[in-house]
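The chain contents come next:
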Amino acid sequence: MPQVPIIMPQLGESIAEATVVDVKVKSGEEVAADQEIIDVETNKAVMGVTTPCKGKIDKITARVKETYPVGTVLGYVEASEEDAARFGKKPPAQPRDQVEVESRRAAATEMKRDGARASTIGGLPVPVAAKGAGFLSPRVRARMTELQLTSADLAGILGTGAGNRVTIKDLENFLSNIDKQKSTEASAIRAGVADAMRRSWSRPLATIGSSVNLDPVLQDRQSRDPKPGPALYAVRALALALAENPSAAAKLIGGRVVQSNSIDVGVAVEAEDGIMVPIIRAADKTSLVDLTTKYNELVGLARQRRISPDMQAGGIAAVSNFGTFGVEWGTPIPLPDQTLLLGLGVGKKVPSWSEEKNGFTPKTEAQITLSFDHRSLDGGRAGRLLKRVIEFLENPSKL
Amino acid sequence: MSITYLEAIREAQAKLLRDDDRVFIYGQDVGGSFGGAFKATKGLAKEFPGRVLNTPISEDAMVGTAIGAALEGMRPIVEMQFADFSSTALNQILNNAGTHYWRTNVPVPITVRLPSGGTKGSGPFHSQSMESLYAHYPGLIVMTPATVEDVYTMLIEAVAIDDPVVFCEHKYLYYHLKADKLPTEGLPTGRARIAREGRDLTIVAYSAVLHECLAVAEQFAREGFEIEVVDLRSVKPLDTDTVLASVARTGRLLCVGESFPWGGATAEVIARVTSEGFHLLDAAPQRINARDTPIPYHPNLWAAHRPNAKTIAAKARNLLQE
């Protein structure tokens, strides 16, 4: 029986290669025409490779987790003479195909270059020539280092160089304008917060929000001693929700998804001229009462600015209770080494429709937000986590 | 009165012969009435009898003999017919002359004149620029004068220096470059010269290509760019301070040399600027050399082989736009 090759198809514009994630058939298996037999993954989606025609799988040469360029033969189907004639029983002419693959590869590389991503020469990555607005020359960088400036400080400069690059002249003009204005030295804590926020902001951050009924929490806290604040209920609710689903707080570092061994949750505390975020270790295993004692200690230390760096390090998520400032809603920024930040707004009495009473009843409602690193998780996942936190808050006896 | 680059070399040698009994000239066909392949010693044999001497056709023997004479207290000037031929004498120049002082504390004050660089139709064995090769070796001074004034004062200084000097004079400049008169003094060896002041780009060059660079600078001045041109004068010692000071003003660097591209003087300038003055740079430094092939005979190929105003201008434009 003649063999018809199964070929890695063109999976979309600009896609030069794909990785095999699953092979659904074995040698000898009968297959129909256009049957999905191999799943491949590109940087955009998982797609199926289909059989070219009806027949029996002769062999699959492609291996799972291997990446193949478009046009590669992934296996062969034993087909009837008729189908073989139609779908070309001869394997594709190698040299021409090779050229095609090469040129597609080159095109993909070229495209990556345009997208300012690493391109390759001879299969090795090379940095893209740095030009345009994001580029800072060694001279500009040296001047920035001398003045302890970061690229965020240069945000206000409209570059006049090639591709709107900030030139040394632009920088000096900017600096001389600053000298004309009133300025004071920033405190160490201010500089520290600025640095953390700037680093955090280098990520694609998103925020979602929902409302939460605070009445159960307000009632529950009356029954506890010491009385935990709403923020601690939120810490505990977040910790328990994450304990159920710890990968939601995972960090994406390069190609790795990194997950902490312990549910350590921070609480943002306002200190003079900045904020501190002491971490409560294993918050999922700490009772609300113990949490309250621990929290009060940490707040005391934070207000005196006596929280050491290691007491603020290693958390997987944090809670910001901006409701204490009377604020209803915000989009807080997660700490640079964390993926999630839960924000709690101020509780307000609102009329709420009750089906039971067939009328409006008063309810204490607050807005709760979840800011997240969109590289690590998406709206759906973040939404489910937030809903779970709300469920806990509305059933505080479980906390 | 006007004097050419070649006449300045002859005048410098005449002055040296006149002023210092220890000086003599040694080379193929330099004596008699011939006066050397390029007439750099024209008339000197007659004016200074017994001190302008013909040699056998052996560059090795010429330099070896000169080293011996220098050790005995003389100040010989060796004329190579073409720089290319000096490769036959590499052992004498590099291993004997270059190391002698360091081995024995006795200096070897010889001057080896290399008619260097390309001219139309000269091909692979009569066009080479060897300054980068000689600069690679310790113990030698390598001069690359680009002007009539420099070729005169630097040759006089070359003979005065106790170290062996490789004197790379450019054949293209022999007849093309003229000055009104000879100078009485020049910059010391090892000091580069700002040939043209500017603020937007530094071009570092030496020898004949300096003039191409100056022409490019003039062309860009019409567009409002001011290019600073640094004439290295000697590639060894290399005046890093002047180059760094210039790059500090402009933030951009282009090095131009006529020798082959692999390693060499232009690479050395860039290496020094990037390691000592990275913080001064607004763009990656660039260089232009001859192509990495033997030098072609055909005039069209030769024109494409060496750096010229067009290729320098294209590179300069890229750098200015970056």
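If you're wondering where the values come from, they're calculated on a predicted model, not measured in any experiment.

Asks: Even after reading the chapter, I still don't get the overall build of chain A, so can you show me in this structure?
Replies: The secondary structure content of chain A amounts to 9 helices and 21 strands. Looking at chain A as a whole, 29% of its 399 residues are labelled buried. Considering only contacts in chain A between residues 6 or more positions apart, those separated by 24 or more positions represent 64%.

Asks: What is the right way to read the nonpolar core from this model?
Replies: Nonpolar side chains in soluble globular proteins tend to end up buried together. Core analysis: the largest hydrophobic core is formed by 91 residues, its most contacted members being Ile203 and Cys213 of chain B. Here this core spans two domains, since at least three of its residues come from each of domain 1 (3–179) and domain 2 (193–321) of chain B. Not counting the four nearest positions on each side in its chain, Ile203 of chain B is found in contact with Cys213, Ala217, Ile227, Val229, Leu254, Val256 and Ala316 of chain B. Of all hydrophobic cores here, the second largest spans 51 residues; its members include Leu335, Leu341, Leu344 and Leu370 of chain A.

Asks: Looking at this structure, I do not really get the sheet that holds strand S14 (residues 286–288) of chain B. What am I missing?
Replies: All names here are of chain B. Taking strand neighbours across the sheet as the criterion, the 5 strands line up as S9-S11-S10-S13-S14 in an open arrangement whose pairing is mixed. Since the sheet does not close on itself, it has two edges, and those belong to strand S9 (193–196) and S14, each with one partner. Strand-to-strand twist across the sheet, computed as the mean angle between neighbouring axes with direction ignored, equals 25 degrees. Note: strand S10 (residues 201–205) against strand S11 (residues 227–231), 5 bridges, orientation parallel. Across the sheet, Ala205 pairs through a bridge with Asp231, a residue of S11. Across the sheet, helix H9 (residues 240–250) lies against S9, S10, S11 and strand S13 (253–256), angled at about 175 degrees from S11, the strand it touches most. Packing of helix H10 (residues 264–277) onto the sheet brings it into contact with S10, S13 and S14, and relative to S13 it is tilted by some 155 degrees.

Asks: Just to check I follow, could you spell out the environment of Phe220 of chain B for this structure?
Replies: Residues and elements named next belong to chain B. Examined against the element boundaries, Phe220 turns out to sit in helix H8 (residues 209–221). C-alpha separation for the pair Phe220 and Ala313, spaced 93 residues apart in sequence, amounts to 8.3 Å. Beyond its immediate sequence surroundings of up to four residues, Phe220 is in contact with Phe225, Ile227 and Ala316.

Asks: Sorry if this is basic, but what is going on with the confidence of the model for chain B here?
Replies: If pLDDT is low for a region, its predicted coordinates should not be looked at in detail. Per-residue pLDDT for chain B has a mean of 96; in total, 100% of the residues score no lower than 70. The ipTM value of the predicted complex is 0.71, and its pTM value is 0.68.

Asks: Looking at this structure, I do not really get the sheet that holds strand S7 (residues 67–69) of chain A. What am I missing?
Replies: Strands pair in a sheet through their backbones, by hydrogen bonds, and they do so in one of two ways: parallel or antiparallel. Residue and element names in this part refer to chain A. Read from one edge of the open sheet, 4 strands run S5-S4-S2-S7, paired in antiparallel fashion. Two strands bound the open sheet, and with one partner strand each, they are strand S5 (46–50) and S7. Recorded for the sheet is a direction-independent mean angle of 45 degrees between the axes of neighbouring strands. Judged from the 3 bridges that link them, strand S2 (residues 17–23) and S7 form a sheet pairing that is antiparallel. Note that in S7 the partner of Glu17 across the bridge is Pro69.

Asks: Is there a simple way to think about the pairing of S10 of chain B in this case?
Replies: Looking along a regular strand, one sees the side chains alternate between the two faces of the sheet. All names here are of chain B. In terms of burial, S10 is a largely internal element, 5 of the 5 residues being buried. Residues of S10 alternate between two faces, with Leu201, Ile203 and Ala205 on one and Thr202 and Val204 on the opposite face, all of them buried. The β-α-β motif built from S10, the intervening H8 and the parallel element S11 has right-handed crossover chirality. Where S10 meets S13, 3 bridges bridge the pair, whose relative direction is parallel. Considered in S13, the bridge of Ile203 is made with Leu254.

Asks: Please explain the interface of chain B and chain A as it appears in this structure.
Replies: Where interface size is given, it is often the accessible area lost as the parts come together that is meant. Facing 9 residues of chain B, the contacting portion of chain A comprises 7 residues. Looking at the side of chain B that touches chain A residue by residue, the classes come out as 4 nonpolar, 3 polar and 2 charged.

Asks: Which parts of the structure should I look at to understand the confidence of the model for chain A?
Replies: All names here are of chain A. This prediction gives chain A a mean pLDDT of 85; 88% of its residues lie at or above 70. Confidence drops under pLDDT 50 across residues 89–118; counting only partners more than four residues distant or on other chains, this segment forms 34 contacts. Taken together, the stretch residues 126–130 has pLDDT below 50 and engages in 11 contacts with residues farther than four places along the chain or on a different chain.

Asks: How should I be thinking about the pairing of strand S20 (residues 348–354) of chain A in this particular structure?
Replies: All names here are of chain A. Where burial is concerned, little of S20 is hidden: 0 out of the 7 residues are buried. Relative to strand S21 (residues 359–373), S20 runs antiparallel, the two sharing 7 bridges. What sits directly across from Ser354, in S21, is Gly359. Hairpin geometry of S20 and S21 is characterised by an intervening segment of 4 residues between the two adjacent antiparallel strands and by a positive phi of about 55 degrees at Asn358.

Criteria and cut-off values
Residues numbered from 1 in each chain as written. Chains lettered and ligands numbered in written order. Predicted model: local features only at pLDDT ≥ 70, side-chain atom pairs only at ≥ 80, totals over all residues. Helix = DSSP H or I, 4+ residues; strand = E, 2+ residues; numbered from the N terminus. Buried ≥ 20, exposed ≤ 12 C-beta atoms within 10 Å, placed from the backbone. Contact = placed C-beta atoms within 7 Å. Core = buried A, V, L, I, M, F, W, Y, C linked by C-beta atoms within 7 Å. Domains from an automatic or database assignment. Pairing = 2+ DSSP bridges. Axes fitted to C-alpha atoms, helices over the stretch in contact; angles between N-to-C directions. pLDDT = per-residue confidence, 0-100. Right-handed = clockwise from strand over helix to strand, strands pointing away. Nonpolar A, V, L, I, M, F, W, Y, C, P; charged D, E, K, R; others polar.

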